[in-house]
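Tertiary structure, described
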Amino acid sequence: MNKQQIAAKNYLMRAYRIDNRINSKLDQIAALNDLATRATSNISDMPGSPNRNIHKLEDAIVRIVDLQNEIGSDVNSLLEIKSQIVESIKQVTDPEGQVVLEERYLCYAKWEDIASELGYTVRQIFRVHDAALKEIVVPESCQ
């Protein structure tokens, strides 16, 4: 693979990376929601610790809201990047090359699944993929 193909591959993988970040933040929200729902008060006649965090639930809720805002921003970025990637893939002249790139970089399909879907071997899919990558023009803003 030459430098241009590597640059094209990195350009096309941006959507996958953002999608992973979104999923990570969703996992964090789930963990914080779990923490917030477990926050219960214990009634006891023993005096409480003066150093304990009495705002534990509030902190969790604030963090959840912050993460939700970040996810919203990431989703907007993901949609914009996917739109750019679609436009780049449309420039590929080979229709099968377009399908391979769409399946791999927009649907995040595995090589084996793409090969099975198109009725090719994985090696043939790699050839189609490499040829299609040669036609991808990476915008200067992304280099």
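Each value, and the rule that gives it
- Residues numbered from 1 in each chain as written.
- Predicted model: local features only at pLDDT ≥ 70, side-chain atom pairs only at ≥ 80, totals over all residues.
- Heavy atoms only, no water.
- Salt bridge = Lys/Arg side-chain N within 4 Å of Asp/Glu carboxyl O.
- Helix = DSSP H or I, 4+ residues; strand = E, 2+ residues; numbered from the N terminus.
- Buried < 20%, exposed > 50% of the residue type's maximum accessible area, 1.4 Å probe, protein only.
- Core = buried A, V, L, I, M, F, W, Y, C linked by side-chain atoms within 4.5 Å.
- Contact = heavy atoms within 4.5 Å.

The name recorded for the protein chain in an unreviewed UniProt entry is DUF1492 domain-containing protein, from Eubacterium plexicaudatum ASF492.

1. So, the pattern of salt bridges
Evaluation of the coordinates by the stated rule reveals five salt bridges. Among the salt bridges present, the one from Arg21 reaches Asp74, with a minimum N-O distance of 3.9 Å. Taken together, the residues span a long stretch of sequence, with Arg21 in helix H2 (residues 14–38) and Asp74 in helix H3 (residues 56–90) at a distance of 53 residues. You can call Arg21 partly exposed: its relative accessible area is 42%. One salt bridge connects Glu87 with Lys90, and the closest N-O pair in it is separated by 3.4 Å. Highlighted residues: Glu87 and Lys90, both in helix H3, separated by three residues, approximately one helical turn. We classify Glu87 as partly exposed; its relative accessible area is 42%. The class for Lys90 is exposed, based on a relative accessible area of 51%. One salt-bridge network, held together by shared partners, links Arg21, Lys25, Arg63, Glu70 and Asp74.

2. Regarding the nonpolar core
Among the nonpolar cores identified, the biggest contains 23 residues, and Leu12, Ile85, Ile89, Leu101 and Ile136 are the most heavily contacted of them. It is H3 that provides the largest number of residues to this core, a total of seven residues. Beyond its immediate chain neighbours, meaning those up to four positions away, Ile89 contacts Leu12, Gln98, Leu101, Glu102, Leu106 and Ile136. By size, the runner-up hydrophobic cluster in this structure holds seven residues, among which are Ala109, Trp111, Ala115 and Ile125.

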